[in-house]
Amino acid sequence: NSPVEVLKNKTFKRLPKFYISCGKKDEWDCMEGSKAFADSLKGLGHKVHWKPIEGGHCDLDYPSLARFLIE
């Protein structure tokens, strides 16, 4: 499953805002795909908050996530 490929093949009239984050030291090399997904959504005019962080695969920036959720 590739979220980027799904975006290329589907037409969405409405999507929610997205919070996409990835650790710069991600052990699974998800950074590039996460960034591409965020860029694809932005290119389609959707609201995206892209937050790369210093940590690994499942690390979160809790303060930025909380701000996103209360927006």
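Thresholds applied
Residues numbered from 1 in each chain as written. Predicted model: local features only at pLDDT ≥ 70, side-chain atom pairs only at ≥ 80, totals over all residues. Heavy atoms only, no water. Helix = DSSP H or I, 4+ residues; strand = E, 2+ residues; numbered from the N terminus. Buried < 20%, exposed > 50% of the residue type's maximum accessible area, 1.4 Å probe, protein only. Contact = heavy atoms within 4.5 Å. Areas by Shrake-Rupley, 256 points an atom, 1.4 Å probe, with all protein chains shown as cover. Lys, Arg positive; Asp, Glu negative; His and termini not counted. Charge placed at Lys NZ, Arg CZ, Asp CG, Glu CD. Phe/Tyr/Trp six-rings, centres within 6.5 Å; stacked < 30°, edge-to-face > 60°. Lys NZ or Arg CZ within 6 Å of the ring centre and 35° of its normal. Right-handed = clockwise from strand over helix to strand, strands pointing away. Pairing = 2+ DSSP bridges.

A. Looking closely at the overall build of the chain. Tallying secondary structure elements over the chain gives three helices and two strands in all. Secondary structure elements of the chain occur, N-terminal to C-terminal, as α-β-α-β-α. Oriented by its inertia axes, the alpha-carbon framework of the chain measures out at about 35 × 30 × 15 Å. Here the chain holds 71 residues, and the buried ones make up 30% of them. For the chain, the share of sequence-separated contacts (at least 6 apart) that also reach a separation of at least 24 residues comes to 65%. Counting every atom, the chain has about 5400 Å² of accessible surface; 55% of that belongs to carbon and sulfur. Computing the positive centroid from 12 side-chain charges and the negative centroid from 10, the chain places the two 11 Å apart.

B. Structural detail: the packing of aromatic side chains. Counting across every chain of the model gives two aromatic pairs. Centroid distance Phe-18 to Phe-37: 5.9 Å. Interplanar angle 85 degrees. Geometry classified as edge-to-face. One end of the pair, Phe-18, is in strand β1 (residues 18-23); the other, Phe-37, is in helix α2 (residues 31-43), with 19 residues separating them in the sequence. Taking the relative accessible area as the measure of exposure, Phe-37 reaches 16% and is therefore buried. Considering the side-chain rings of Tyr-19 and Phe-68, the 5.4 Å spacing of their centres and the 50 degrees angle between planes classify their relative orientation as tilted. Note that Tyr-19 is positioned in strand β1 and Phe-68 in helix α3 (residues 62-70), a separation of 49 residues in sequence. Judged by its relative accessible area of 17%, Tyr-19 is buried. A cation over an aromatic ring shows up here: Lys-17 above the ring of Phe-68, its NZ or CZ 4.8 Å from the ring centre.

C. Representation of the pairing of β1 within the structure. Of all six residues in β1, five are buried; the element is thus mostly enclosed. Following the backbone out of β1, through α2 and into the adjacent parallel strand β2 (residues 48-53), one traces a crossover that is right-handed.

D. Main features of the pairing of β2. Sheet topology note: the β1/β2 ladder contains six bridges and is parallel. By the bridge assignment, Ile-20 is partnered in β2 with Trp-50.

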